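Coordinate inspection notes
Residues per chain, in single letters:
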Amino acid sequence: MPVIYLVRHGQASYGASDYDVLSDLGRRQAEVVGAELARRGPRSPLVVCGTLRRQHDTAEILMKAAGLPGRPRTDARWNEYDHTDLVDRYGTASDRSSAEPHGFQVLLDHALRAWIEEGDGWRRFAAGAAAALDALAADLGPGRDAIVVTSGGVLAALCAGLLSAPAEGVVALNRVAVNAAITTLAVGGSGTSLLSFNDHAHFSGERRALLTYR
């Protein structure tokens, strides 16, 4: 039974002029999750990522740390939604003035919920993520696993879909996604099933300082 490891990218550069760049901490997170995946021993893994820089760089660092050859395959359907655009669309000017991460998360929760309830844009985004997952699962034969580097919104969309969760479930999953955490899926005859969500035990103990959400 093929296993798919979905990895959220390492910490990006929140508050910087270019968010889509891994921070130094994010690069370290990518190394650690690569070592953790190597410990789990995925079988001849196919490595895939979105086209965003933070996703692609995480994948390359992860592969090096895990001792995996080659380069990741890219698929834009694994890309994140534009979170700043959502806040711009569904927030007020005074709301957007807060640069504090927790405050921004509250704004993002509101914007994501509104986007989901609005309908079409969210459905297209979630359908694209589901199609990417289906295509990947179809590429995996017996004895081959996959590692995908993606983002929190994609993870929330896929896991909510697998669990038939409502909009509040999507927002709740998105809110707690840890940078470089691992979500594990199993591909079987009856479809793809969620085995674990947001596993970040590799950031516990002496590595607890590496644990970030944004």
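Let us look at the structure shown here. What you are looking at is a predicted structure, and each value in this text was computed from that prediction instead of being measured. (Residues numbered from 1 in each chain as written. Predicted model: local features only at pLDDT ≥ 70, side-chain atom pairs only at ≥ 80, totals over all residues. Heavy atoms only, no water.)

Glancing now at helix α2 (residues 53-66). Relative to the 20 Å expected for 14 residues at 1.5 Å per residue, α2 spans 20 Å between its end C-alpha atoms, a close match to the ideal helical length. The element α2 is largely enclosed, with a buried count of 10 among its 14 residues. Among the residues of α2, Arg 54, Gln 55, His 56, Asp 57, Thr 58, Ala 59, Ile 61, Leu 62, Met 63 and Ala 66 are the ones counted as buried. Count one or two residues on from α2 and you reach Gly 67, which has phi positive near 75 degrees. (Helix = DSSP H or I, 4+ residues; strand = E, 2+ residues; numbered from the N terminus. Expected span 1.5 Å × (residues − 1). Buried < 20%, exposed > 50% of the residue type's maximum accessible area, 1.4 Å probe, protein only.)

With respect to the element layout, Thr 74 can be found in strand β3 (residues 73-74). Placed 43 residues apart in sequence, Thr 74 and Glu 117 show a C-alpha to C-alpha distance of 30 Å. Residues within four places of Thr 74 in sequence aside, it is in contact with Cys 49, Gly 50, Thr 51 and His 56. (Contact = heavy atoms within 4.5 Å.)

Here we come to the sheet that holds strand β6 (residues 191-199). Strand order across the open sheet formed by 6 strands is β3-β2-β4-β1-β5-β6, with mixed pairing between neighbours. Two strands close off the open sheet at either side, each with one partner strand: β3 and β6. Packing against the sheet, α2 makes contact with β1 (3-8), β2 (46-49), β3 and β4 (146-150), and its axis sits at approximately 145 degrees to β4. (Pairing = 2+ DSSP bridges. Axes fitted to C-alpha atoms, helices over the stretch in contact; angles between N-to-C directions.)

Helix packing geometry: the angle between the two helix axes and the distance between the axes. Across the interface, helix α7 (residues 152-163) lies against helix α8 (residues 167-175) with an axial gap of 8 Å and an inter-helix angle of 140 degrees. Of the possible angle classes, the one that applies to α7 and α8 is oblique. As for the relative orientation of α7 and α8, their crossing is right-handed in sense. Touching Gly 152, Gly 153, Ala 156, Cys 159 and Ala 160 of α7 are Val 170, Leu 173 and Asn 174, all from α8. A class-by-class count of the residues in the contact of α7 with α8 yields 5 nonpolar, 3 polar and no charged. (Parallel < 35°, antiparallel > 145°, perpendicular 65-115°, else oblique. Left-handed = near helix turned anticlockwise from the far one by under 90°. Nonpolar A, V, L, I, M, F, W, Y, C, P; charged D, E, K, R; others polar.)

Positionally, Leu 25 belongs in helix α1 (residues 24-40). A residue is classified by how much of its surface remains accessible, and Leu 25, at 24% relative accessible area, is partly exposed. Dropping the residues within four chain positions of it, Leu 25 is found in contact with Gln 11, Ala 209, Leu 210 and Thr 212.

As for its placement among the helices and strands, Thr 58 is situated in helix α2. Using a relative accessible area of 0% as the deciding quantity, one classes Thr 58 as buried. Setting aside chain neighbours within four positions, we find Thr 58 in contact with His 9, Gly 10, Leu 22, Ala 30 and Val 149.

Moving on to helix α3 (residues 83-90). Buried residues of α3: His 83, Leu 86, Val 87 and Tyr 90, and no others. Buried positions in α3, seen along its axis, are confined to an arc of 95 degrees and lie on one side of it. (Arc of directions from axis to C-beta.)

Moving on, we get to the nonpolar core. Counting 39 residues, the largest nonpolar core has Ile 4, Leu 6, Trp 78, Leu 112, Trp 115, Trp 122 and Leu 136 as the members making the most contacts within it. No other element matches helix α6 (residues 120-139), which puts 8 residues into this core. When residues no more than four places from it in sequence are discounted, the contact partners of Leu 136 are Ile 4, Leu 46, Val 48, Arg 73, Trp 78, Ala 146 and Val 148. (Core = buried A, V, L, I, M, F, W, Y, C linked by side-chain atoms within 4.5 Å.)

Another point: the pattern of salt bridges. Applying the stated criterion to the full structure yields 14 salt bridges. Residue Arg 40 pairs with Asp 199 through a salt bridge whose shortest N-O separation is 2.7 Å. With a gap of 159 residues between them, Arg 40 in helix α1 and Asp 199 in strand β6 connect regions that are remote in the sequence. Arg 40 gets classed as partly exposed once you look at its relative accessible area, which sits at 24%. The closest approach of N and O atoms between Arg 113 and Glu 168, which form a salt bridge, is 2.6 Å. In this pair, Arg 113 sits in helix α5 (residues 101-118) while Glu 168 sits in helix α8, placing the two residues 55 residues apart along the sequence. One salt-bridge network, held together by shared partners, links Glu 36, Arg 39, Arg 40 and Asp 199. (Salt bridge = Lys/Arg side-chain N within 4 Å of Asp/Glu carboxyl O.)

Any link to function would need more than the numbers given here.
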